[in-house]
Amino acid sequence: MRVVAEFTTEPFHGEGEPPEHARRAWQVVQDAGLTGEFGPLGTEVRGERNEVLDALHAVMVAALDAGATRITLQVQTDAHTDPE
């Protein structure tokens, strides 16, 4: 089963470079070989359920270690794939 996850890390820093916690979280996604879209206010990740869920644990650890004070997460099945 494929899933889509969207997460945000806080605090936000407004204009300029995304905060370190957001950049580190995105690096974890890339290192896991998952597809997605990075945004400093929200990052989307798509992939096989177990791969995404495993990566999300690492995302949260990396973000918290880099100074995130809150992580908001939504996970749902990927409606863009055919049912198995």
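Residues numbered from 1 in each chain as written. Predicted model: local features only at pLDDT ≥ 70, side-chain atom pairs only at ≥ 80, totals over all residues. Heavy atoms only, no water.

A few words on the pattern of salt bridges. Applying the stated criterion across every chain yields a total of six salt bridges. A salt bridge links Arg 23 to Glu 20; the shortest N-O distance between them is 2.4 Å. In this pair, Arg 23 and Glu 20 are both assigned in helix H1 (residues 20-31), three residues apart and thus about one turn of the helix distant. Classification of Arg 23 as partly exposed rests on a relative accessible area of 35%. Residue classification places Glu 20 among the partly exposed residues on the basis of a relative accessible area of 32%. Three or more residues joined by partner-sharing salt bridges are found here, namely Arg 2, Glu 44, Arg 46, Glu 48 and Asp 78. (Salt bridge = Lys/Arg side-chain N within 4 Å of Asp/Glu carboxyl O. Helix = DSSP H or I, 4+ residues; strand = E, 2+ residues; numbered from the N terminus. Buried < 20%, exposed > 50% of the residue type's maximum accessible area, 1.4 Å probe, protein only.)

Ranked by internal contacts, the top residues of the largest apolar core, which has 16 residues, are Phe 7, Val 29, Leu 34, Val 45, Val 52 and Val 59. Put simply, the parts of the chain that give this core at least two residues each are strand S1 (2-10), H1 and helix H2 (49-65). Considering every element that reaches this core, the biggest residue donor is H2, with six residues. Setting aside anything within four residues of it in sequence, one finds Leu 34 in contact with Val 29, Val 45, Arg 46, Gly 47, Glu 51, Val 52 and Ala 55. (Core = buried A, V, L, I, M, F, W, Y, C linked by side-chain atoms within 4.5 Å. Contact = heavy atoms within 4.5 Å.)

The next point concerns the side chain of Thr 43. Topologically, Thr 43 is positioned in strand S3 (residues 43-48). At 3.2 Å, the side chain of Thr 43 forms a polar contact with the backbone oxygen of Gly 39. (Polar contact = N/O pair within 3.5 Å; in protein donor to acceptor, adjacent residues only side chain to side chain.)

For the rest of this paragraph, the subject is unusual backbone geometry. Cis geometry is found at the peptide bond from Glu 10 to Pro 11, where omega equals 15 degrees. Along the chain, Pro 11 falls in the loop between S1 and H1.

Within the open sheet, the four strands sit side by side as S2-S3-S1-S4. Their pairing is antiparallel. Only two strands of the sheet have a single neighbouring strand rather than two, namely strand S2 (35-37) and strand S4 (70-77). If you compare each strand with its neighbour and ignore which way they point, the axes differ by 20 degrees on average. Both S1 and S4 contribute to a ladder of eight bridges, which runs antiparallel. The residue bridging Phe 7 from the neighbouring strand is Leu 73, located in S4. Docked against the sheet, H1 engages S1, S2 and S3, running at close to 160 degrees with respect to S1. (Pairing = 2+ DSSP bridges. Axes fitted to C-alpha atoms, helices over the stretch in contact; angles between N-to-C directions.)

As a further point, take the packing of H1 against H2. One can describe the packing of H1 onto H2 by two numbers: an axis separation of 8 Å at closest approach and a directional angle of 155 degrees. For the element pair H1 / H2, the angle class is roughly antiparallel. H2 is crossed by H1, and the crossing has right-handed handedness. Note on element contacts: H2 touches H1 through Ala 55, Ala 58, Val 59, Ala 62, Ala 63 and Asp 65, opposite His 21, Arg 24, Ala 25, Val 28 and Val 29. Its residues placed into classes, the contact of H1 with H2 shows eight nonpolar, one polar and two charged. (Parallel < 35°, antiparallel > 145°, perpendicular 65-115°, else oblique. Left-handed = near helix turned anticlockwise from the far one by under 90°. Nonpolar A, V, L, I, M, F, W, Y, C, P; charged D, E, K, R; others polar.)

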